[in-house]
Amino acid sequence: MKKWIILMLSILILSACEITDSMGISKDASKKIAVTKMIKSKDIQYVALGDSLTQGVGDEQGKQGYVGRLEKDMESWQGVKAVTVTNTAKRGRRSEQLIDQIQSGKIDDALEKADFITLTIGGNDLMKIVRSNITELNKQAFDKKRPEFQQRYETILSLIRERNANAPILLIGVYNPLSIFTKEESDMNTIITEWNSDIRSFANNDAHAAFVNIEDLFDSNNNLVYHTDFFHPNAKGYDLMTARIIQTLREYDLNKLSQGQFDFKEESFDE
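What this report covers is the structure whose coordinates are included nearby. Just so you know, these numbers come straight off a predicted model, no measurement behind them. (Residues numbered from 1 in each chain as written. Predicted model: local features only at pLDDT ≥ 70, side-chain atom pairs only at ≥ 80, totals over all residues. Heavy atoms only, no water.)

**A look at the layout of surface pockets**
Next, step 1: Within this model, the second largest pocket holds a volume of roughly 160 Å³.
Next, step 2: Lining the second largest pocket, in full, are Arg94, Glu96, Asp125, Lys128, Ile129, Ser132, Asn133, Lys145, Glu148, Arg152 and Trp195.
Next, step 3: Here the element with the most residues in the lining of the second largest pocket is helix α6 (residues 123–132); it accounts for four residues.
Next, step 4: Considered class by class, the residues forming the lining of the second largest pocket number two nonpolar, two polar and seven charged. (1 Å grid on protein atoms, 1.4 Å probe; cavity = no way out; pocket = protein on both sides within 12 Å on 5 of 7 lines; lining within 4 Å. Points joined across faces, edges and corners; volume = space filled by probe spheres on them. Helix = DSSP H or I, 4+ residues; strand = E, 2+ residues; numbered from the N terminus. Nonpolar A, V, L, I, M, F, W, Y, C, P; charged D, E, K, R; others polar.)

As structure tokens, this is what we get:
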């Protein structure tokens, strides 16, 4: 009888060990189960505003610059079924001309329906100052015009928000194309940094806006990022711009920036 009792106890102990091991395996396995947030997909409207950078000038591959590349990436996002792009950008456009475009009412419908907006403006404002002061170019000329640019940029954002209060807006900064002609530090580098700081401040004051800094991407042509005009990006330059945009969206948290409308498709693990 004692032998049977011992045998039964042994079986129970072994069974308990197997259950414990099984539970342990299940627990470990649960760590490998991907946790994804489900967002209902929909057709989205992407509106691109600004100048030649948004128009895609210089892209020898014909992919519409960063806009076309970003559109392609957006198609893989959670919450996106299909993307319709309305690109209203124009080569040479300055901030006061963008204000005129928005105030004309011609793009009101596009802005009101926009689920996502990108903006490049300021490069031609800077080049206008360069051309106007070419014989005696100095920082004071830019400092004098800087408050006017700040006011116009603020007006642009106000006009956009009057038509669309919540769509995420990417405010893409400016860069110094003149830097490729000299390796020496110049006032122009300081000016670009200051104007980008202004644009960043506007993004920081809008809960659904993000600043994208591209200044360092075009501070030389060592990586062959310029078009043959040595002013606009080439296809490689636009590749880098798009990568920086996506990196910025990750840093800002796309899901939070879009109020839960979009997110990147990627696995996260339940620890």
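**Description of the packing of aromatic side chains**
Next, step 1: One pass over the structure, following the stated rule, counts 10 aromatic pairs.
Next, step 2: Ring pairing ties together the aromatic residues Tyr46, Trp77, Phe116, Phe262 and Phe264, which thus form one cluster. (Phe/Tyr/Trp six-rings, centres within 6.5 Å; stacked < 30°, edge-to-face > 60°.)

**Observations regarding the packing of helix α7 (residues 139–163) against helix α8 (residues 187–204)**
Next, step 1: One can describe the packing of α7 onto α8 by two numbers: an axis separation of 11 Å at closest approach and a directional angle of 20°. It follows from the interaxial angle that α7 and α8 lie roughly parallel. The way α7 lies across α8 gives a crossing that is right-handed. Note on element contacts: α8 touches α7 through Asp187, Met188, Thr190, Ile191, Glu194, Trp195, Asp198, Ile199 and Phe202, opposite Lys139, Phe142, Asp143, Arg146, Phe149, Gln150, Tyr153, Glu154 and Leu157.
Next, step 2: Across the contact of α7 with α8, the residue classes break down as nine nonpolar, two polar and seven charged. (Axes fitted to C-alpha atoms, helices over the stretch in contact; angles between N-to-C directions. Parallel < 35°, antiparallel > 145°, perpendicular 65-115°, else oblique. Left-handed = near helix turned anticlockwise from the far one by under 90°. Contact = heavy atoms within 4.5 Å.)

**Re the sheet that holds strand β3 (residues 80–87)**
Next, step 1: A sheet is described by the order of its strands in space; here five strands give the open sequence β3-β2-β4-β5-β6, paired in parallel fashion. Pairing within the sheet leaves two strands with one partner each, and these edge strands are β3 and β6 (209–212). Each neighbouring strand pair of the sheet contributes to a mean axis angle of 20°, computed without reference to strand direction.
Next, step 2: Two elements, strand β4 (residues 116–120) and strand β5 (residues 169–172), share four bridges in a ladder whose sense is parallel. Paired with Ile117 across the two strands is Ile169, which belongs to β5. (Pairing = 2+ DSSP bridges.)

**Section: the pairing of strand β2 (residues 42–50)**
Next, step 1: Two elements, β2 and β3, share seven bridges in a ladder whose sense is parallel. Counted as the bridge partner of Val47 is Thr86 from β3.
Next, step 2: Sheet analysis places β2 next to β4, joined by five bridges and oriented parallel. When the sheet's bridge partners are listed, Leu49 is paired in β4 with Leu119.

**Structural notes on the pattern of salt bridges**
Next, step 1: Inspection of the entire model under this criterion finds 17 salt bridges.
Next, step 2: For Arg69, the salt bridge identified is with Asp59, shortest N-O distance 2.8 Å. Residue Arg69 is located in helix α3 (residues 65–74), and its partner Asp59 is located in the loop between α2 (52–55) and α3; the two are separated by 10 residues in the primary sequence.
Next, step 3: The exposure class assigned to Arg69 is buried, which follows from its relative accessible area of 10%.
Next, step 4: By relative accessible area, Asp59 is classed as buried at 10%.
Next, step 5: Residue Glu96 pairs with Arg152 through a salt bridge whose shortest N-O separation is 3.8 Å. With a gap of 56 residues between them, Glu96 in helix α4 (residues 95–103) and Arg152 in helix α7 connect regions that are remote in the sequence.
Next, step 6: Look at the salt bridges and you will find they share partners, linking Arg94, Glu96, Asp125, Lys145, Glu148 and Arg152 into a network. (Salt bridge = Lys/Arg side-chain N within 4 Å of Asp/Glu carboxyl O. Buried < 20%, exposed > 50% of the residue type's maximum accessible area, 1.4 Å probe, protein only.)

Everything listed is a geometric property; what it means functionally is a separate question.
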